[in-house]
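If you want the building blocks of each chain, they are given just below.
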Amino acid sequence: MREAIALSEHNVKNSLGGPFGAVIVKGDEIIAKSANLVTTTNDPTAHAEVSAIRLACKVLNTFNLEGCVIYTSCEPCPMCLGAIYWARLDKMYYANTKLDAANIGFDDAFIYEEIDLHPQNRKLKAEQILQEEAIKAFQLWSESDQKINY
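Model, not experiment: these values are computed from the prediction.

Asks: Talk me through the pattern of salt bridges; I want residue IDs and the actual numbers.
Replies: A side chain of one charge can pair with a side chain of the opposite charge when the charged atoms of the two come close. Applying the stated criterion to the full structure yields three salt bridges. In this structure, the salt-bridge partner of Asp-43 is Arg-54, at a minimum N-O distance of 3.7 Å. Of the two residues, Asp-43 is situated in the loop between α2 (38-41) and α3 (48-60) and Arg-54 in helix α3; the sequence distance between them amounts to 11 residues. With a relative accessible area of 23%, Asp-43 lands in the partly exposed category. Of the residues examined, Arg-54 reaches a relative accessible area of 43% and is grouped as partly exposed. The closest approach of N and O atoms between Glu-114 and Lys-123, which form a salt bridge, is 3.9 Å. With relative accessibility at 13%, the residue Glu-114 sits in the buried group.

Here you go:
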């Protein structure tokens, strides 16, 4: 956790991005670590947790991080929490809370609220189109004997 915190502080002191850091560990070994890279990469998905997950998957040559834990300097946003679940990490440790983050301008409460709404009731306008065409890919997947479940 101290490494994740150090990454978050380094990021701020060197104007590299937001005050967030994440470290992924397997056993006693650090597999990957990253700070928030949103502003340095112009990538809104380059949060510390997502960036660390991407690096860990590359290092371990897998999309499944079972057997690993993540240390993050702050309770994850909805995107990062989803990524942590999808990566199948065994456990998450965090330092600051989402309220601590909200107090300095990183408030994700609106996203949690939006997720609970029906798509037509969200602030982001959404309209379903071409479902009859798109479903073909799902049917192909369902019938494929070469798919890799994840």
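Asks: Can you lay out helix α1 (residues 2-13) for me, pointing to particular residues and giving the numbers?
Replies: For an α-helix, 3.6 residues make a turn, and residues three or four places apart therefore share a direction. Helix length check: α1 (12 residues) gives 16 Å between terminal C-alpha atoms against 16 Å at 1.5 Å per residue, within 8%. Those residues of α1 not exposed but buried are Ala-4, Leu-7, Ser-8 and Asn-11. All buried residues of α1 lie within an arc of 95 degrees about the axis, which places them on one face of the element. α1 presents Arg-2 and Lys-13 as exposed residues on the side facing more than 90 degrees away from its buried surface. Of the surrounding elements, those touching the buried residues of α1 are β1 (21-26), β2 (29-35) and β3 (68-74). Once α1 ends, the next one or two residues include Ser-15, with phi positive near 50 degrees.

Asks: Could you give an account of the nonpolar core, with specific residues and numbers?
Replies: Counting residues in each nonpolar core, the largest one holds 18 residues, and the members touching the most others are Ile-24, Ile-53, Ala-56, Leu-65, Ile-70 and Leu-89. Mapped onto this core, the elements with two or more residues apiece are β1, β2, α3, β3 and α4 (78-87). For this core, the element with the most residues is α3, which contributes five residues. Not counting residues up to four positions away in its chain, the partners in contact with Ile-70 are Ala-22, Val-23, Ile-24, Glu-49, Ile-84, Leu-89, Lys-91, Met-92 and Tyr-93. Counting six residues, the second largest nonpolar core, distinct from the first, contains Ala-4, Val-23, Val-25 and Val-69.

Asks: Provide a residue-level description of the environment of Ala-46, including the pertinent values.
Replies: Take Ala-46: it is sitting in the loop between α2 and α3. A relative accessible area of 3% means that Ala-46 is categorised as buried. C-alpha of Ala-46 to C-alpha of Phe-138: the two residues are 92 residues apart in sequence and 29 Å apart in space.

Asks: Summarise the sheet that holds strand β4 (residues 91-96); cite the residues concerned and give the values.
Replies: Judged by pairing direction, the sheet is mixed, and its four strands sit side by side in the order β2-β1-β3-β4 without closing on themselves. Strands at the two margins of the open sheet, each flanked by one partner only, are β2 and β4. Between one strand axis and the next, the sheet turns through 15 degrees on average, direction left out of account. Of the strand pairs in this sheet, β3 and β4 are connected by five bridges, and their pairing is parallel.

Asks: Would you mind going over the environment of Asp-100 in detail, with residue names and values included?
Replies: Mapping Asp-100 onto the fold places it in helix α5 (residues 98-102). Using a relative accessible area of 35% as the deciding quantity, one classes Asp-100 as partly exposed. With 54 residues separating them in the primary sequence, Asp-100 and Ala-46 have C-alpha atoms 20 Å apart. For Asp-100, the side chain forms a polar contact with the main-chain nitrogen of Thr-97, separated by 2.8 Å.

The rules behind each value
Residues numbered from 1 in each chain as written. Predicted model: local features only at pLDDT ≥ 70, side-chain atom pairs only at ≥ 80, totals over all residues. Heavy atoms only, no water. Salt bridge = Lys/Arg side-chain N within 4 Å of Asp/Glu carboxyl O. Helix = DSSP H or I, 4+ residues; strand = E, 2+ residues; numbered from the N terminus. Buried < 20%, exposed > 50% of the residue type's maximum accessible area, 1.4 Å probe, protein only. Expected span 1.5 Å × (residues − 1). Arc of directions from axis to C-beta. Contact = heavy atoms within 4.5 Å. Core = buried A, V, L, I, M, F, W, Y, C linked by side-chain atoms within 4.5 Å. Pairing = 2+ DSSP bridges. Axes fitted to C-alpha atoms, helices over the stretch in contact; angles between N-to-C directions. Polar contact = N/O pair within 3.5 Å; in protein donor to acceptor, adjacent residues only side chain to side chain.

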